Amino acid sequence: NILASAEARFLLAAREAQGLATLLQARVRSLAGVAEPAEIRRRHEGSVGIRVHAGDIAFLQYTSGSTGVPKGVALTHANLMANLKAIHDGCALTPADVTVTWLPLYHDMGLIGTWLGALYAGIPTHISSPMAFLTRPQRWLWAIHQHRGTITAAPNFAYALCAKKLPERALEGLDLSCWRVALNGAEPIAP
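Predicted model, so just to flag it, every value in this text is computed and none were measured.

Cut-off values and rules
Residues numbered from 1 in each chain as written. Predicted model: local features only at pLDDT ≥ 70, side-chain atom pairs only at ≥ 80, totals over all residues. Heavy atoms only, no water. Helix = DSSP H or I, 4+ residues; strand = E, 2+ residues; numbered from the N terminus. Buried < 20%, exposed > 50% of the residue type's maximum accessible area, 1.4 Å probe, protein only. Contact = heavy atoms within 4.5 Å. Areas by Shrake-Rupley, 256 points an atom, 1.4 Å probe, with all protein chains shown as cover. Lys, Arg positive; Asp, Glu negative; His and termini not counted. Charge placed at Lys NZ, Arg CZ, Asp CG, Glu CD. Phe/Tyr/Trp six-rings, centres within 6.5 Å; stacked < 30°, edge-to-face > 60°. Pairing = 2+ DSSP bridges. Core = buried A, V, L, I, M, F, W, Y, C linked by side-chain atoms within 4.5 Å.

### Quick word on the overall build of the chain
Point 1. Check the secondary structure of the chain and you find 8 helices and 8 strands.
Point 2. Across the 191 residues in the chain, those meeting the buried criterion constitute 32%.
Point 3. Intrachain contacts of the chain at a sequence separation of at least 6 include 63% that bridge at least 24 residues.
Point 4. Carbon together with sulfur atoms contributes 58% to the accessible area of the chain, which is approximately 12,400 Å² in total.
Point 5. For the chain, the distance from the average position of its 17 positive side-chain charges to the average position of its 13 negative side-chain charges is 5 Å.

Here it is in structure tokens:
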């Protein structure tokens, strides 16, 4: 649905996903080709980059599709930079901050709120797998402890899961005194 909605012309897929990508190409009329990232690098090695303008589309952001067909919106470079500046200023990020996240990078909170936000601020980011969190939620808290994370983000369910379901023995020795900013990206926000 997303590929068709975006009228995607090309699909970049890792070698392990080429079979699926080829199946998708047969189902999405706009897809003219499928390639691996390494193939694109080889084809365009030494080529000159293009000039990007504030009003140009940076990427298309889609809803998760959890309640219906995913819906997309075009984000310009100006939109993205304004969002990143708001995160930076709102969280009062400094070079001393460290981001810790398990959020998937295909989700806006993972991509924009943590990864690109940290890149914009020039601060280190420690990323773990969403599955690592889902199978053992305490890994998130221990990653904050280990990397002395100061900023992290998650939806309501992640905070609730850690607050209500983790056994005390899983938290023995845990020091979260470094944690300065806890972003929550859910509606409504549960205190």
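### Observations regarding the packing of aromatic side chains
Point 1. One pass over the full model with this rule turns up 8 aromatic pairs.
Point 2. Between the aromatic rings of Trp102 and Phe133, the centroid separation amounts to 4.0 Å while the plane-to-plane angle is 10 degrees, which identifies the pairing as stacked. Taken together, the residues Trp102 in the loop between strand 5 (99–101) and helix 5 (108–121) and Phe133 in helix 6 (residues 130–135) connect sequence positions 31 residues apart.
Point 3. The class of Trp102 is buried, set by a relative accessible area of 4%.
Point 4. Residue Phe133 is classed as buried on the basis of its relative accessible area of 1%.
Point 5. A centroid spacing of 6.0 Å and a plane angle of 65 degrees characterise the contact between Trp140 and Trp179, whose relative ring orientation is edge-to-face. In this pair, Trp140 sits in helix 7 (residues 138–147) while Trp179 sits in the loop between helix 8 (156–165) and strand 8 (181–184), placing the two residues 39 residues apart along the sequence.
Point 6. Among the residues examined, Trp140 registers a relative accessible area of 3% and is labelled buried.
Point 7. On the basis of relative accessibility, which here comes to 22%, the residue Trp179 falls in the partly exposed class.

### Brief notes about the environment of Ala35
Point 1. Structurally, Ala35 is set in strand 2 (residues 33–35).
Point 2. Distance from Ala35 to Val73, taken between C-alpha atoms, is 25 Å for residues 38 residues apart in sequence.
Point 3. Apart from the residues lying within four places of it in its own chain, the contact partners of Ala35 are Leu11, Leu12, Ala13, Gln18 and Ile40.

### Re the pairing of strand 8
Point 1. Bridge count between strand 7 (residues 151–154) and strand 8: 4 bridges; the pairing is parallel. Of the residues in strand 8, the one forming a bridge with Ile151 is Val181.

### Comments concerning the nonpolar core
Point 1. Counting 15 residues, the largest nonpolar core has Trp102, Phe133, Trp140, Ala158 and Cys162 as the members making the most contacts within it.
Point 2. Only helix 7, strand 7 and helix 8 provide two or more residues apiece to this core.
Point 3. The dominant element in this core, judged by the number of residues it contributes, is helix 7, at 4 residues.
Point 4. Once residues within four sequence positions are removed from consideration, Ala158 is found in contact with Trp102, Phe133 and Trp140.
Point 5. Counting residues in each nonpolar core, the second largest holds 13 residues, with Ile112, Ala118, Ala121 and Ile123 among its members.

### Let's talk about the environment of His77
Point 1. Within the secondary structure layout, His77 lies in helix 4 (residues 77–90).
Point 2. Remark: the alpha-carbon pair of His77 and Ile57, spanning 20 residues in sequence, is separated by 6.2 Å.

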